[in-house]
Structures are given as structure tokens and as C-alpha cells.
Amino acid sequence: MFYKNNTQSILMNFAKNNNFMTCYHCGEDCLDETIDFDNKTFCCEGCKTVYEILNQNELCNYYNLEKTPGITPPKDLSKKFEYLENSQVIDKLIDFKDDEISISTFYLPQIHCSSCIWLLENLYKLNPDIKSSRVNFLKKEIRLSFNHNNLSLRKLVELLASIGYDPEINLENLSDRKQKKIDRSLIFKLGIAGFCFGNIMLISLPEYFGLNMIKETHFANFFGYVNLILSLPILLYSSNSYFISAWNGIKRKVVNIDIPISLGILVLFLRSAYEIFSKTGAGYSDSLAGLVFFLLLGRIFQQKTYNILSFERDYKSYFPIATTKIEANGNEKNIPVSDLLVGDVILIRNNELIPVDAELIEGNANIDNSFVTGESTPTQKNIGDKIYAGGKQVGQAIQLKVLKELSHSYLTQLWNNEAFTKENEDQFEGITNAISKYFTIIILVIAFGSGLFWLQTDVKIAINTFTAVLIIACPCALALSAPFTFGNVLRILGRNKFYLKNATIIENLAKINTIVFDKTGTITQSSNSKIKYYGKVLNENTTNHLYTIFRQSSHPLSKMIFNDFEKGTALSIENFEEIVGKGIVAKVEGNSYKIGSEQFVKEEKENSSKATRVHIKCNDEHLGYYQLENKYRTNLKQTIAQLLKSFKLKIISGDNDNEKENLTTYFGNESEFLFNQNPDNKLEYIKSLQQKGNYIAMIGDGLNDAGALKQSNVGISISEDINTFSPACDAILEASAFDKLPILISYCKGSIKIIILSFIISFLYNIVGLTFAVQGLLSPILAAILMPLSSITVVVFVTLATNILAKHKNL
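Since we're looking at a predicted model, the values are computed, not measured.

Describing the overall build of the protein
1) Next: Helix and strand content of the protein: 31 helices and 28 strands.
2) Next: When the 811 residues of the protein are sorted by exposure, 53% land in the buried category.
3) Next: Looking at the protein as shown, the accessible area adds up to about 36,900 Å², and 54% of this sits on carbon and sulfur atoms.

Here's the deal with the side chain of N544
1) Next: In this structure, N544 sits in helix α23 (residues 540-552).
2) Next: Accessibility expressed as a relative area gives 10% for N544, which makes it buried.
3) Next: If we ignore the near neighbours within four places in the chain, the residues touching N544 are G568, T569 and L571.

Considering the side chain of S262
1) Next: Note on placement: S262 falls in helix α14 (residues 258-278).
2) Next: Dropping the residues within four chain positions of it, S262 is found in contact with Y242, F243 and A246.

Thoughts on the packing of aromatic side chains
1) Next: Inspection of the entire model under this criterion finds 17 aromatic pairs.
2) Next: Plain terms: the ring middles of Y632 and Y666 are 5.0 Å apart, the flat faces sit at 50° to each other, and that makes the pair tilted. Taken together, the positions of Y632 in the loop between β23 (621-629) and α26 (636-644) and Y666 in helix α27 (residues 660-667) put the pair 34 residues apart, joining distant regions of the chain.
3) Next: Taken together, Y533, Y547, F550, F562, F565 and Y626 form an aromatic cluster joined through their ring pairs.
4) Next: In this arrangement the basic side chain of K189 is found over the ring face of Y237, its NZ or CZ atom lying 6.0 Å from the centre.
5) Next: The ring of F600 carries the charged tip of K594 above its face, separated from the ring centre by 4.9 Å.

Focus on the pairing of strand β7 (residues 322-326)
1) Next: Most of β7 sits inside the fold, with four of its five residues counted as buried.
2) Next: Bridging between β7 and strand β8 (residues 332-336) involves five bridges; their strand directions are antiparallel. Looking across to β8, one finds that T324 is bridged to N334.
3) Next: Joining the antiparallel neighbours β7 and β8 is a turn of five residues, in which G330 adopts a positive phi near 90°.
4) Next: Where β7 lies against strand β9 (residues 345-348), three bridges are found, and the strand directions are antiparallel. For K325, the partnering residue across the bridge sits in β9 and is I346.

A short note on the environment of L84
1) Next: Within the secondary structure, L84 sits in the loop between α4 (77-80) and α5 (87-93).
2) Next: Using a relative accessible area of 1% as the deciding quantity, one classes L84 as buried.
3) Next: Taking the C-alpha atoms as reference points, L84 and K155, separated by 71 residues in sequence, lie 8.9 Å from one another.

Focus on the confidence of the model for the protein
1) Next: Taken residue by residue, the protein gives an average pLDDT of 76. The fraction at 70 or more is 74%.
2) Next: Confidence drops under a pLDDT of 50 for residues 1-20, and excluding neighbours within four residues, the segment shows 32 contacts in the predicted structure.
3) Next: Confidence drops under a pLDDT of 50 for residues 56-75, and excluding neighbours within four residues, the segment shows 50 contacts in the predicted structure.

Some points on the nonpolar core
1) Next: L509, I515 and F517 are the most contacted members of the largest nonpolar core, which has 55 residues in total.
2) Next: For this core, the leading source of residues is helix α30 (residues 741-774), giving nine residues.
3) Next: Listed in part, the 33 residues of the second largest apolar core include L93, L119, F146 and V157.

Regarding the pairing of strand β15 (residues 398-402)
1) Next: Counting buried positions along β15 gives four out of five residues, so the element sits mostly inside the fold.
2) Next: Here strand β10 (residues 358-362) pairs with β15 via four bridges, running antiparallel. If you follow A358 over to β15, its bridge partner there is V402.

A look at the pattern of salt bridges
For side chains of opposite charge, pairing can occur when their charged atoms come near one another.
1) Next: Taken as a whole, this structure holds 10 salt bridges when the rule is applied.
2) Next: Measuring nitrogen to oxygen at the nearest pair gives 3.5 Å for the salt bridge that ties R154 to E85. Here R154 is found in helix α8 (residues 153-162), whereas its partner E85 is found in the loop between α4 and α5, with 69 residues between them in sequence.
3) Next: For the salt bridge of K650 with E672, the shortest nitrogen-to-oxygen distance reads 3.4 Å. Highlighted residues: K650 in strand β24 (residues 648-652) and E672 in strand β25 (residues 672-674), separated in sequence by 22 residues.
4) Next: The class of K650 is buried, set by a relative accessible area of 14%.
5) Next: A single salt-bridge network, built from bridges that share partners, covers E85, R154 and E158.

Parameters and conventions
- Residues numbered from 1 in each chain as written.
- Predicted model: local features only at pLDDT ≥ 70, side-chain atom pairs only at ≥ 80, totals over all residues.
- Heavy atoms only, no water.
- Helix = DSSP H or I, 4+ residues; strand = E, 2+ residues; numbered from the N terminus.
- Buried < 20%, exposed > 50% of the residue type's maximum accessible area, 1.4 Å probe, protein only.
- Areas by Shrake-Rupley, 256 points an atom, 1.4 Å probe, with all protein chains shown as cover.
- Contact = heavy atoms within 4.5 Å.
- Phe/Tyr/Trp six-rings, centres within 6.5 Å; stacked < 30°, edge-to-face > 60°.
- Lys NZ or Arg CZ within 6 Å of the ring centre and 35° of its normal.
- Pairing = 2+ DSSP bridges.
- pLDDT = per-residue confidence, 0-100.
- Core = buried A, V, L, I, M, F, W, Y, C linked by side-chain atoms within 4.5 Å.
- Salt bridge = Lys/Arg side-chain N within 4 Å of Asp/Glu carboxyl O.

Right, here's the structure in full:
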């Protein structure tokens, strides 16, 4: 829900082709409907609102804005955030930094509704030096990318504070940014509402028990005034968040769910004031107090429920990537990145992801930060330079000293970078948005209609009916169905070593009808492969040269050969280049090497052997080749047999076709096999299948198959014992869980059915609730109790259902 909608860019392109008026704020051409304000024309309400917000010279001059267009910086900001000029503090708050762009994440406890998300994700309109802003609503966090050359971290934080979102910065605990369980202001509001509610009910006891003698005394008027006074803190403090949210929605001409709630509270208060001052009745102060009390209690209960059912993947799941740690004695050991400690030395090979913030201590670092910033131009780093997590080394292997332990959450954020996001429509988010758009308007119509109907019979019933309809109907349960279902599914899949980029991938997995497998490193395993060298005898120097070259590469075949060396000495390497789909060109101690397929090294047709061969040429002399007899993954036959029942299967490989006969025994004669395919061929093959109406899942090793993984509807990277993670993939499957693949996909399909059931429950709740409300059979207080219970019911249902389904499938 935190990504920009592509609709805007589509509409803008349409507008540019049709000579429309130009928007004063954004400079884009307007569509048919324009908004005129302050003698200027705007293309949308968003641009008009931002123009209003920016319409003061003081703010614009302070933040280096070009135009003079709403909010004066608070006077106390000049000193409040002065500590953000300290370089040590800045280092702690910055997640990534290069020559131009910095990225930082802040916790904003003020985030409350969709209005907050809209404003925060449009910060780039307030200041063009803010490149992007993405909100994590459940965690109440915002991730900002900004140009630190023009906009300092201090001014960025001051800008957030000036628009009402003062970041909560805890310098003593920056490494553990956790969402607060309950907003303390909510507890204070509940306490005030509870105090007033209890006293109003005590004062109203004569009214409840029909004690007319007391009612008719002069005390009755006095008690009425006391009730009205006790209602004021509820109206002005306890319920102010509803009025603020409703007002923000009205200003932007957006009808949100807080509008009917605010309207109901206001009607109860005004009607009570009228009856008490006119001495025509006791008013509805008790209903007003009870309504707000139970609404706040429900909100706290919801937050507690959401925290109990928290689906924080970086905490409860496993990001299955590993790295090579260099121990004190010089030995190299593959360990999970989660086991890295500050001070450890790690080896990063060509095309490997840097999983933690680290300092370069050896080698020529050429860092590709496209994973972080979307920019693929490599950056040179010198010994002693800090390298941020998420970068990718291009070239020879480098050694790094760990400066900061792993943050799974940060890697997950990077993985969801817009540069790697596929343009897939979120089906359930679309349904939810469409319903929510008209839901409140329909409820307002029903409320006014039922209120006017009962007004002819009984004013009290009319007010109760009007208020109950406004309160009981809530789209929240509907909006929570998909996020909580997918959240729990992501957690369960992660527990089973299947890590998905985001919730949309679950929907896409449920749609696939064709699965395309790569061969090497995907259906074959790196460990336990039989490797044998054939050719000229290799002396100690040549052995050390080859040991050094294979050590640089992250290709599955290179890793298998490197691990097969009994001993070797790592030397400095003068040149290293890995040509995807072909092989390696390198230079060690003045000797030029060419390593790879027979066609690449000898420029001859591939051999007819059933084994995979890696040829070696040194200074134009062919030395020989390493022969690898592939070993297929455990339970491959059973896994493929299960998949064949539901999907069309394909094999596409860069190797020769000599194993086709073996593969046929696993995949059957109906499956399609393509061999000798380079990365471009693989990508084009995926495109051709999609053009025929197939929904494709591509399963590869994550490096050589990056193009095909990105082109496919779902790209799954197999992770074995080392870090070959590619941001182009949508999911990572640990090799040990390969045989669970059919069950995992089936589980994703089942989760879609759970969402549909939860939608039905949400609709039934609203229909039944409205049926009782319009008949005057539901009091506002009871409606306030039932409203949050509907959301909690749906959340509990989807959580239990997904857990039961997982247990049924032995996950």
C-alpha cells in the first residue's frame, strides 16, 4: 500500500498528447477537470493543497524552496533539533549515504490514517530535494531518501515537525526501532472519557429508574448542566482525533470513516445541549460519553490485538542468505549473515550482496548501489571507506570488517525498492479501495434516511438510529482482511524457509500455471558433486592462480570447484571479469586466464559428455577442464511429480543437452527442455510464454537468471550455502526446503480463499448491523462496542484460518 500508483504517470502521458492547460504547481498538463484557486489552475486537489501548504515566504525561504506557497515553522525548532548537526548523531541515524543521496528511517507516532500517508508520501512536493518517502503504516515509520548536499538531516526533521510529524528519536536505542504497543495519549483520552462516563451515569440514575419526584426538582436542571460540563472534555479532548481526521478529509474532499463518527458525536452533544438549555429533556450525555469511551477502548483493544498478532518478518522469519567469514587463522567459513558480529571479517565475491555496514580493509571495491538507490553506476571505494549494506561488489573479491550487525528489516526494505518492483495490480487492495471510496457516502445516506424516517414517529429513536447507523457501519474489517491474512502467511512461509518480498507475491503465486526451472544450482545441488580434473598437470603456481580466480566468483560451478581444492594460497589478482553465461577472464601474476564453457574458451562446439565441464586456458594454452557430475536435489522426483499435477513445467539451461535423457525421467516427455541458452535467451523465452497467456514462475540461482527472474510473474531464487541473492527475484527459497515447493504454492492458493471468506464475514457484519440500526433496535453505545469487535473478529478469523491451513499442510 506504500507504492506510488502508476495511474498518475499514465494520465500525465495522456494529457501531454492532448494540449491541456498546465498545472501551476507541478507543471504537468491538466486533464478535462481542472481546479481553479487563487487565480491559478491546478490539475488535481493534491497540487492545490500543497500550494496552500507552501503559500508562505517564511517556510519557503527556510527550506530553500523556489515558490512562496501554509505552515510556519514553530519558533522552538531552531534549537530543538540542533543536535542533528553532530556528525556522530547523523551517522547513527543514516541507513545509507553516498556522494549525493542519504536514506534514513524515522518513527512517527503521529501517523494515524490514510490522510497521514498521503501527506507524508508527497513530501517531495514540499521540497524537491526529498527524492522519495515511503510510509510503513503498521510500524508508524517513514523511510526518506534525500539529497544531503542541499537538505541537511536537521532541516529534514524540522520539516517533518513543522507539518505535525515530530519524529521520535531515541539515540540510546537506535539499533532497535520498535513500534510502541499503545499510544500513551490514547490511554489519557480513555481515562478522561471513562471518568466522565462513570460520573454522568451516576448523575443520570434517577432518569434510568424513572424517579420522577427527583427529576422534577430544581436539582434536575443542575444535574443536566453538570452532565453537559462533563461532556465537554469528551468532546474537546477525548474525541478530538476523530474531528481532526474528519476535517483533514473534508479539506481534501475525501470522505473518510471518521466523518460519520464525528457527525454522530456532534449530533449527540448538540441535541443534549438543546434539551438541557430548553429544559425539554435530560439529553444524551450518557450516550455520548459511552460512545467515545467504547470507541477509544476498541481502538486500544485493536492495537493490542495487532501487536499480539504482529507479523514482523525481520523478527520471526529467516532471511536465508549467508556470507563467507574469514576466521583469525585465515580459514574461510560460510555462515548465516544473522550470525555476524561487529569486528568480523567477511569475504565478498563478484556480484555478492554486502549484507551489513562494513569497512573496506582489502581489495579494490567497485560498489553497485542499485539495490539501495536504483542507480547502477558503480562507485569506487578506498581502503578504510565505509560501505553500506545493500551494495553489490562488481569485480574481484574484497574483504570487509563488520561495523554493524545485520538488520533483516533494512534488507527487506531494500528488496522492495521501487526499482525492482513489478507492475502487478494488487487485486484485493483494489477491491478494498473501491469499496472504501463509496462506503462512507452510502452510510451517510442511510443514516440521514433512517433518521428522517423515525423523526416523524419519535425524536429519541430518530437520534439513536441516526447515530447507531453512523457508528456500527465500518469498512475497517474489510480493509484488514487481506493485510492480516497475507501478514500471517508471510510469517508461516518464512518459518518454512520461503521468504517473499511482499504480500503481492502471494497473490501472484496463487495465479501461476507454468513453472520454468533453471538446471545448474536449481534442481542440481552444489554439495557432494563429483569433481575431477582432466588435462595437463597443474604445478603449484597454476593451482594457486586457479584457487585465487575461483575464489572471486559467486557462480555455482565456481563455488563447487573452489570448495574442492584441498589447499591453495590466495594471491592478489590484477584483473577479474565475469561474463554472465560464458565464463571468467582474469589475470594473476602476469598470467592471463580464460575459464568457462568449451565454446567460450576453445571457441568450439560443446562436448558430447553427459557431465558439465569447465575449461581452462592460460596464456592462449588450453590446460584442460574440470568435469562435474551433477547430483540432483533430494526428493526431486517426488517434488516434480506433485508439481506436474497442477502446472506445466519447463527446463531452460545454459548447459548442453547431454542430460536431457536423465531429466526426462524426472519431468516426463510432455515437459519442454531448452539447452545452451544465454541469459538473454532465457528472458525472451519467458516473454514468449507470457504472450501465450501463461502466468510464469521462474526458479533460478538468482545471478545468471536475473533477467528471467525479473521478467517472470514470480521469480524465485534458490539459496544454498552462500550469498547469491538477487534483488530481481520476488522470493528466496532455501535449498533444503526445495521439496516443500508444491505445498508452499498450494498454501498460497488456500490463503486467497481465506481472504474471500473474511470479505463475506465483513459484509455480513455490516448488513446485519445496519438492519438492526435502521429499525431503532441498536443504541449508540452498543454500536460503539460492536464496531471494533468486527475488526477484531476478522483479524482473529484470518489468523486462526491461516494457522489451521498451515497445520493441515504440515507447514
